[in-house]
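Summary of structural features
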Amino acid sequence: MLRFSSPCEVNFVTNVNVFLKLFLEYLQMERNYSKYTIEHYQHDISDFFTFMTEQAINQVEMVQYHDARLYLTRLYEKKLSRKTVAKKISALRSFYKFLLREKYVESNPILLLTIPKLEKRLPQFFYENELTLLFDSCETITPLGQRNKAILELLYGTGIRVSECCQISLKDLDFYLSTILIHGKGNKERYVPFGSQAKAALELYINDGRKKLIADKQSIETLFVNNRGGPLTTRGTRKILNRMIEKSALDSSIHPHKLRHSFATHLLNNGADLRSVQELLGHAYLSSTQVYTHVTNDHLRKTYMAHHPRA
């Protein structure tokens, strides 16, 4: 939250914080946003009103369109990426839309602010032979090695998000049906199937490596744990994947979403229908899944150009 010292600024801070608290409660209770997303909204909105105090604006309802334009200019001066700028403006637009709906303000000064167009980048993914090298480099002798292999198999074998992976509890697994109950964005739940390779890796890790890692911490229900037996974080998972790439023969980068992209791309390349992939990924809108059709079309074009004798 904002903190200042002069009486004028203190009044402004109170004004902002009251409305911001109401907005964050709305995101949590009505929109079911995750804690991580809500923290980003709080940070971006607080940053904006810190800038407003520098412009001698001491009430939320005093902000005008030209003030928002000035803030946008400041963001560009900081050389922030278009994606970052777009996220900040989107957060402010949602905040003022909420205030307008609740009749705390009479207009939305952010409404006409132009959000920068984002670069249309195709999702990065691994080719199947690259993943073979990555899986072959995994050792499963040590408890940590078993855990790492299970993480890799699960992320690629299900396409789940890294945040969803870290939230999995033992009770969410059904080895008889080979499915996992995934707690997704907005508290939405879905069942995701996993294959034989992921099943074998999970069983080895749960029955051997995980027991050794948690030691006497039998109350830990989280599936994946760190080297101290506590719940594994998303940051920790990213570090694990980076170390796995370093040990492999791949000259490439890795992040959890790259495995998710690979999962979707390989399904579509092998004939899966778009709706099924949408359900597996947990996308609310089909348009979010359609980006992978561009990836697969590009892959098909390159294959054609490389192998057709008249290309």
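Quick look at the structure, then.

Criteria and thresholds
- Residues numbered from 1 in each chain as written.
- Predicted model: local features only at pLDDT ≥ 70, side-chain atom pairs only at ≥ 80, totals over all residues.
- Heavy atoms only, no water.
- Helix = DSSP H or I, 4+ residues; strand = E, 2+ residues; numbered from the N terminus.
- Buried < 20%, exposed > 50% of the residue type's maximum accessible area, 1.4 Å probe, protein only.
- Contact = heavy atoms within 4.5 Å.
- Areas by Shrake-Rupley, 256 points an atom, 1.4 Å probe, with all protein chains shown as cover.
- Salt bridge = Lys/Arg side-chain N within 4 Å of Asp/Glu carboxyl O.
- Expected span 1.5 Å × (residues − 1).
- Axes fitted to C-alpha atoms, helices over the stretch in contact; angles between N-to-C directions.
- Left-handed = near helix turned anticlockwise from the far one by under 90°.
- Nonpolar A, V, L, I, M, F, W, Y, C, P; charged D, E, K, R; others polar.
- Arc of directions from axis to C-beta.
- Polar contact = N/O pair within 3.5 Å; in protein donor to acceptor, adjacent residues only side chain to side chain.
- Core = buried A, V, L, I, M, F, W, Y, C linked by side-chain atoms within 4.5 Å.
- Pairing = 2+ DSSP bridges.

A few points about the overall build of the protein
Looking only at helices and strands, the protein features 12 helices and 3 strands. Within the protein, the fraction of its 311 residues that count as buried is 42%. Relative to all contacts within the protein whose residues are 6 or more apart in sequence, the contacts with residues 24 or more apart total 57%. Accessible area for the protein stands at about 18,000 Å²; split by element, carbon and sulfur atoms hold 52% of it.

Concerning the pattern of salt bridges
Side chains bearing opposite charge may pair, as long as their charged atoms lie close to each other. Tallied over the entire structure, the rule returns 8 salt bridges. Across the salt bridge formed by Glu-54 and Arg-74, the nearest N and O atoms sit 3.7 Å from each other. Taken as a pair, Glu-54 in helix α2 (residues 35-54) and Arg-74 in helix α3 (residues 65-77) lie far apart in primary sequence, 20 residues in all. We note a salt bridge from Glu-102 to Arg-101, for which the minimum N-O separation is 2.8 Å. Judged by relative accessible area, Glu-102 falls into the partly exposed class, the value being 33%.

Details of unusual backbone geometry
For Ala-56, which is not glycine, the phi torsion reads 65 degrees and is therefore positive. Assignment of secondary structure puts Ala-56 in the loop between α2 and α3. Take Ala-56: its relative accessible area is 63%, and that puts it in the exposed class. Notably, Ser-178 is not glycine yet its phi reads approximately 55 degrees, a positive angle. Of note, Ser-178 is situated in the loop between β1 (173-174) and β2 (179-183). When its relative accessible area of 16% is taken as the criterion, Ser-178 is described as buried.

Regarding helix α4 (residues 82-101)
Helical geometry note: an α-helix holds 3.6 residues per turn, so side chains three or four residues apart project in the same direction. Counted at 1.5 Å a residue, the expected span for α4 with its 20 residues is 28 Å, and the 28 Å between its end C-alpha atoms agrees. A positive backbone phi angle near 65 degrees is found at Lys-103, which sits one or two residues after α4.

Focus on the packing of helix α6 (residues 143-158) against helix α8 (residues 196-214)
Axis separation between α6 and α8 bottoms out at 8 Å; the angle between their running directions is 150 degrees. You can see that α6 and α8 cross each other, and the crossing is left-handed. Packed against α6, whose contacting residues are Pro-143, Leu-144, Gln-146, Arg-147, Lys-149, Ala-150, Glu-153 and Leu-154, the element α8 presents Gln-197, Ala-198, Ala-201, Leu-202, Leu-204, Tyr-205, Asp-208, Gly-209, Lys-212 and Leu-213 at the interface. Considering only residue class, the contact of α6 with α8 consists of 10 nonpolar, 3 polar and 5 charged.

Thoughts on helix α11 (residues 274-281)
Turning to α11, its buried residues number three or more, namely Leu-274, Val-277, Gln-278 and Leu-281. End-on view of α11: buried residues confined to an arc of 105 degrees, all on one side of the axis. What points out from α11, more than 90 degrees from its buried face, is the exposed set Arg-275 and Glu-279. Residue Asp-273 occupies the N-cap position of α11, its side-chain oxygen lying 3.3 Å from the main-chain nitrogen of Arg-275.

Here we look at the side chain of Lys-88
The residue Lys-88 is located in helix α4 in this model. When residues no more than four places from it in sequence are discounted, the contact partners of Lys-88 are His-43, Asp-44, Asp-47, Tyr-71, Leu-75 and Leu-80.

Notes on the nonpolar core
Within the largest apolar cluster, 37 residues are counted, with the highest numbers of intra-cluster contacts made by Leu-154, Leu-223 and Phe-224. At the level of secondary structure, the elements contributing two or more residues to this core comprise α5 (128-136), α6, β2, α8 and α9 (234-247). For this core, the leading source of residues is α8, giving 7 residues. With residues near it in sequence (within four places) discarded, Phe-224 still touches Arg-147, Ala-150, Ile-151, Leu-154, Cys-165, Leu-202, Tyr-205, Gly-230, Pro-231 and Leu-232. Among the nonpolar cores identified, the runner-up in size contains 32 residues, and Phe-19, Ile-38, Leu-72 and Phe-98 belong to it.

Points about the environment of Val-162
By secondary structure assignment, the location of Val-162 is in helix α7 (residues 162-167). Separated by 11 residues in sequence, Val-162 and Ile-151 have C-alpha atoms that sit 9.4 Å apart. Leaving out residues up to four positions away in the same chain, Val-162 has contacts with Leu-155, Thr-234, Thr-237, Arg-238 and Pro-256.

A look at the sheet that holds β2
Spatially, the 3 strands line up as an open sheet ordered β1-β2-β3, and their pairing is antiparallel. The open sheet has two free edges, formed respectively by β1 and β3 (189-193), since each of these has just one partner strand. For β2 and β3, the ladder comprises 5 bridges, and the chain directions are antiparallel. What sits directly across from Ile-182, in β3, is Arg-190.

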